[in-house]
Amino acid sequence: MPKMEVNASREDAMVVRVTARDNYLLADATEKDGGSSKYASPKEMFMASVASCKVMTVMLYAQRKGWEVEDVQIHLEFSPQYGRDYVMYQRIEIISDLDQEKIDRLKEIAELCPVGQYMKQGITFVNQ
């Protein structure tokens, strides 16, 4: 797998510009944390990364199998409690005329998304 890179720098106040390849997005702290809540927070982006990866993983699998899927909807809830195990609650809805066995298989496949796997395995940060 090729190396992935992102860069982040302060844009304004608590707004951060994140770049990946030729794309960028903006992040902001919530008002509670001293930001303006104008953009998604890093924690929300973390959840968005997991949710979007699961949708893409399901859609790629369905395409390879030739299964017609109209939409995949992922709803995540996360209430981090520091010092405790982190639990993310999810609801996966597959919008399709597929039979229940195939829909159940697609929900299993969602658990194989790479971002979710990185999260489950843990990551070591190395300063350069």
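Everything numeric in this text was worked out from a predicted model, so none of it was measured.

Trainee: Would you take a moment to explain the sheet that holds strand β1 (residues 7–12) for this structure?
Mentor: Hydrogen bonds along the backbone pair up the strands of a sheet, which may run parallel or antiparallel. Taken in spatial order, the three strands line up as β1-β2-β3 in an open sheet, and their pairing is antiparallel. A single partner strand is all that each edge strand has here, and the edge strands are β1 and β3 (23–27). When strand polarity is set aside, the average angle formed by the axes of neighbouring strands in this sheet is 30°. Here β1 pairs with strand β2 (residues 15–20) via five bridges, running antiparallel. Each bridged residue has a counterpart across the sheet, and for aspartate 12 the counterpart in β2 is valine 15.

Trainee: Would you take a moment to explain the packing of aromatic side chains for this structure?
Mentor: Think of a pair of aromatic rings as described by two things: how far the centres are apart, and how the planes are tilted against each other in angle. With the rule as written, the count across this model stands at three aromatic pairs. Measuring from ring centre to ring centre gives 5.8 Å for tyrosine 61 and tryptophan 67, while their planes differ by 75°; the resulting arrangement is edge-to-face. Taken individually, tyrosine 61 and tryptophan 67 each receive the classification buried, so the pair is uniform in this respect. Here the aromatic residues Phe46, Phe78 and Tyr86 are joined through ring pairs into a cluster of three or more.

Trainee: Just checking my understanding: could you explain the pattern of salt bridges for this structure?
Mentor: A side chain of one charge can pair with a side chain of the opposite charge if their charged atoms are brought near each other. A complete count under the given rule lists five salt bridges for this structure. Taking the shortest distance from any N to any O, the salt bridge between lysine 3 and glutamate 5 comes out at 3.7 Å. Residue classification places lysine 3 among the exposed residues on the basis of a relative accessible area of 71%.

Trainee: Can you walk me through the environment of alanine 13 in this structure?
Mentor: Mapped onto the fold, alanine 13 is located in the loop between β1 and β2. For alanine 13, a relative accessible area of 46% translates into the label partly exposed. When the C-alpha positions of alanine 13 and glutamine 100 are compared, they lie 49 Å apart, and in sequence the two are 87 residues distant.

Trainee: What is the right way to read the nonpolar core from this model?
Mentor: In terms of nonpolar packing, the biggest core is built from 18 residues, with Val69, Ile94 and Leu106 touching the most fellow members. Counting residues per element, the ones that place at least two in this core are α1 (42–65), β4 (71–78), β5 (88–95) and α2 (100–110). Per-element tally for this core: the top contributor is α1, with six residues.

Trainee: I keep staring at unusual backbone geometry and nothing clicks. Help me out?
Mentor: For residues other than glycine, phi is negative in most cases, and the peptide bonds are mostly trans. The phi dihedral of alanine 13 falls on the positive side, at around 45°, and the residue is not glycine. Phi at arginine 21 takes a positive value of approximately 55°, unusual for a residue other than glycine. Following the sequence through the fold, arginine 21 ends up in the loop between β2 and β3.

Trainee: Sorry if this is basic, but what is going on with the packing of α1 against α2 here?
Mentor: Packed helices, taken two at a time, are described by their axes: the angle between them and the distance between them. With their axes 8 Å apart at the nearest point, α1 and α2 run at an angle of 130° to one another. Between α1 and α2, the angle falls in the class oblique. Judged by the sense of rotation from one axis to the other, the crossing of α1 with α2 is right-handed. On α2, the residues touching Lys54, Thr57, Val58, Tyr61 and Ala62 of α1 are Arg105, Leu106, Ile109 and Ala110. Class assignment for the residues of the contact of α1 with α2 results in six nonpolar, one polar and two charged.

Rules used in this analysis
- Residues numbered from 1 in each chain as written.
- Predicted model: local features only at pLDDT ≥ 70, side-chain atom pairs only at ≥ 80, totals over all residues.
- Heavy atoms only, no water.
- Pairing = 2+ DSSP bridges.
- Helix = DSSP H or I, 4+ residues; strand = E, 2+ residues; numbered from the N terminus.
- Axes fitted to C-alpha atoms, helices over the stretch in contact; angles between N-to-C directions.
- Phe/Tyr/Trp six-rings, centres within 6.5 Å; stacked < 30°, edge-to-face > 60°.
- Buried < 20%, exposed > 50% of the residue type's maximum accessible area, 1.4 Å probe, protein only.
- Salt bridge = Lys/Arg side-chain N within 4 Å of Asp/Glu carboxyl O.
- Core = buried A, V, L, I, M, F, W, Y, C linked by side-chain atoms within 4.5 Å.
- Parallel < 35°, antiparallel > 145°, perpendicular 65-115°, else oblique.
- Left-handed = near helix turned anticlockwise from the far one by under 90°.
- Contact = heavy atoms within 4.5 Å.
- Nonpolar A, V, L, I, M, F, W, Y, C, P; charged D, E, K, R; others polar.

In short, shape yes, function no, at least from these values alone.
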